[in-house]
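Chains, contacts and geometry: an overview
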Amino acid sequence: MCSIEKENKTSEFVKEYYGKTLTPESEQLTDACSWDKSCMPDHFKKALKLVHCEVKQKHFGCGLVAPEALEGTRVLDLGSGSGMDVYTLSNLVQENGHVTGVDMTDELLDVAKKYIDYHRDASGYKESNVDFVKGYIEDLKTPGISSESYDVVVSNCVVCLSTDKKAVLSEVYRVLKNGGEMYFSDMYADRPVPAELSKNNILWGEGLSGSLYWKDFLKLAREVGFQQPYMVSSRKLTLSPKMKELTGDIQYAALTFRLFKLPPTEDDTFYTATYNGNIPNYPCTVNFHKRAKFQKGSPVIIDGFLAEVLRSSRFNKSFTVEKYERDEDPFKC
């Protein structure tokens, strides 16, 4: 079977699986969608409460896509499904921002579009700040998504369902503005997944066959132009005995990464970054990634690339970045 034919058949199965087969009452084959909501920020919980119950019931994400500093931004959600993340984020970008959802599944798009007016009224907006388009995440040109048109791209457990992940990342890089960010949760494996597992449709539908070896993801991200992926969170996944029998010793995890579109930089200088405390809903602390926690008023030593991220992205007014003046290596014990 040629690769294009295989990709088409896989996409059609995934549409069938999420549009007709998978329901809230379906047997749970992994705990990917059962992430711990206790760690959800309060402002995200508040926004989520406004989302219609049918939209929530048909949401199958594996993580929390809640980047900071979203007010007034344009956000694109890849594989938006029933629209839960879109409608939640619509309250974080506020009325002067906009969120677009793109999905290939008619049944889920119908659910999402049905509640546009409901969510506009629930948010107290004069006009809706969301829209939904049908399309494939490997080809965002066809649904009319322009280059350098979004500040942030999010995705929640969808890239693992694609047979061409490099195309997905390339399209994200194209549509992001300079300084823009991809912030997404997805399923990953602790080793390359054997090709024979891709023949099992259920494993594809559950995201297991298509999960990238996490080191391969880092390689692909750099190949399309992203320089330094930052891991925000990680959670080991538990598989049902049925799935474990098929996947063997492979370990799976739900990981959240953030990637920034910036010009190439090889700055080996160290800097300090001091959080100014002005990001809404984050008055004291910002956990930028697993190894970078910023507290208001406390300088943190960072490398040259993160310094460029903070200076060139939507965070540029929230951090004071200065050159680290000490001569010795600040990380040397």
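Quantities reported herein were computed from a predicted structural model and do not represent experimental measurements.

What about the environment of His59?
Relative to the assigned elements, His59 resides in the loop between α3 (53-57) and β1 (74-78). Assessed through its relative accessible area of 18%, His59 is described here as buried. If sequence neighbours within four positions are ignored, His59 has contacts with Ser82, Met84, Asp85 and Asn156.

Considerations on the confidence of the model for the protein
Mean pLDDT over the protein works out to 89, with 86% of the residues at or above the 70 mark. Segment residues 1-9: pLDDT under 50, and 6 contacts once partners within four positions in sequence are set aside and those in other chains are kept.

Quick notes on the sheet that holds strand β9 (residues 271-275)
Read from one edge to the other, the open sheet built from 3 strands follows the order β12-β9-β13, with strand pairing classed as antiparallel. Each of the sheet's edge strands pairs with one partner strand only, and the pair in question is β12 (300-302) and β13 (319-323). The mean inter-strand angle of the sheet, taken between neighbouring strand axes irrespective of direction, is 30°. In this sheet, β12 lies alongside β9 in antiparallel orientation, the contact comprising 3 bridges. Opposite Thr272, over in β12, you have Ile301 as the bridge partner.

Quick word on the packing of helix α2 (residues 42-49) against helix α4 (residues 84-93)
Axis separation between α2 and α4 bottoms out at 8 Å; the angle between their running directions is 120°. Comparing the axis directions of α2 and α4 gives the class oblique. Handedness of the crossing formed by α2 with α4: right-handed. Across the interface between the two elements, His43, Phe44, Ala47 and Leu48 of α2 pack against Met84, Thr88, Asn91 and Leu92 of α4. Split into classes, the residues belonging to the contact of α2 with α4 amount to 5 nonpolar, 3 polar and no charged.

Observations concerning the side chain of Asp77
Its place among the elements puts Asp77 in strand β1. At 14 Å, Arg314 is the nearest oppositely charged side chain to Asp77, a buried residue that forms no salt bridge. Leaving out residues up to four positions away in the same chain, Asp77 has contacts with Asp85, Val86, Thr100, Gly101, Val102, Val154 and Ser155.

Quick notes on the pattern of salt bridges
Overall, the coordinates contain 14 salt bridges when judged by the stated rule. Put simply, Glu54 and Lys58 hold a salt bridge, and the shortest N to O gap is 3.5 Å. Accessibility expressed as a relative area gives 16% for Glu54, which makes it buried. Measuring nitrogen to oxygen at the nearest pair gives 3.0 Å for the salt bridge that ties Asp121 to Arg120. Residues joined by salt bridges that share partners form a network here, namely Glu68, Glu181, Arg258 and Arg314.

A word on α4
Taken across its 10 residues, α4 has 10 buried, putting it largely inside the fold. Once α4 ends, the next one or two residues include Gln94, with phi positive near 65°.

A short note on the packing of aromatic side chains
Describing an aromatic ring pair means giving the distance of the ring centres and the angle of the ring planes. Tallied over the entire structure, the rule returns 15 aromatic pairs. Where Tyr230 meets Phe288, the ring centres are 6.4 Å apart and the plane angle is 70°; that geometry is what we call edge-to-face. Placement of the pair is Tyr230 in strand β7 (residues 230-236) and Phe288 in strand β10 (residues 285-289), with a sequence separation of 58 residues. Residue classification places Tyr230 among the buried residues on the basis of a relative accessible area of 6%. Aromatic ring contacts, followed pair by pair, group Tyr230, Phe260, Tyr275, Phe288, Phe294, Phe305, Phe315 and Phe319 into a single cluster. The ring centre of Tyr150 lies 4.5 Å from the NZ or CZ of Arg74, which sits over that ring.

Some words on the packing of helix α7 (residues 165-175) against helix α9 (residues 214-224)
In the contact formed by α7 and α9, the axes pass within 9 Å of each other and the chain directions differ by 45°. In terms of axis orientation, α7 runs oblique to α9. When you trace α7 past α9, the crossing you get is right-handed. Taking contact as the criterion, the partners of Lys165, Lys166, Leu169, Ser170 and Tyr173 in α7 are, on α9, Phe217, Leu220, Ala221, Glu223 and Val224. Split by residue class, the contact of α7 with α9 holds 6 nonpolar, 1 polar and 3 charged.

Observations regarding the nonpolar core
Core analysis: the biggest nonpolar cluster contains 30 residues, and Leu76, Leu78, Phe184, Phe217 and Leu259 have the highest contact counts within it. Only β1, β4 (150-156), α7, β5 (176-189), α9 and β8 (252-260) provide two or more residues apiece to this core. Beyond its immediate stretch of four places on either side in the chain, Leu78 contacts Val102, Ile137, Leu140, Val153, Val154, Ser155, Asn156, Val158, Val168 and Val172. Listed in part, the 28 residues of the second largest apolar core include Leu48, Leu70, Val93 and Leu109.

What counts and what doesn't
Residue numbers here run from 1 along each chain, matching the order of that chain's written sequence. Residue-level local features of this predicted model are given only where pLDDT is at least 70; pairs of side-chain atoms are given and counted only at 80 or more, and the full residue set underlies all totals for whole chains, interfaces and linings. Hydrogen atoms and water are omitted, and side-chain values are computed over all heavy atoms in the structure. Labels follow the DSSP assignment, with helices taken as runs of H or I lasting at least four residues and strands as runs of E lasting at least two, numbered in each case from the N terminus. Relative accessibility under 20% of the residue-type maximum defines a buried residue, over 50% an exposed one, and the middle range a partly exposed one, all with a 1.4 Å probe and only protein chains included. It only takes one pair of heavy atoms within 4.5 Å for two residues to be counted as in contact. Confidence scores per residue from the predictor, reported as pLDDT, run from 0 to 100. In this description, strands pair whenever DSSP reports at least two bridges between them. Lines are fitted to the C-alpha atoms to define the axes, a helix being fitted only along its stretch in contact, and any angle between axes, read from their N-to-C directions, falls within 0 to 180 degrees. Oblique is the label for any angle not under 35 degrees, not over 145, and not in the 65 to 115 range, which are roughly parallel, roughly antiparallel and roughly perpendicular in turn. Crossings are assigned a handedness: left-handed for a near helix turned anticlockwise from the far helix by less than a right angle, right-handed for a clockwise turn. Just so you know the grouping, Ala, Val, Leu, Ile, Met, Phe, Trp, Tyr, Cys and Pro go in nonpolar, Asp, Glu, Lys and Arg go in charged, and all remaining residues, Gly too, go in polar. His is not counted here, nor are the chain ends, while Lys and Arg score as positive and Asp and Glu score as negative. Criterion for a salt bridge: a side-chain nitrogen of Lys or Arg within 4 Å of a carboxyl oxygen of Asp or Glu. For this analysis, a ring pair means two rings from Phe, Tyr or Trp (six-membered ring only for Trp) whose centres lie within 6.5 Å, classed as stacked if their planes differ by under 30 degrees, edge-to-face if by over 60, and tilted for the remaining angles. Geometrically, a lysine NZ or arginine CZ counts as sitting over a ring once it is within 6 Å of the ring centre and also within 35 degrees of the ring normal. Among buried residues, the Ala, Val, Leu, Ile, Met, Phe, Trp, Tyr and Cys ones that are joined through side-chain atoms within 4.5 Å form a nonpolar core.

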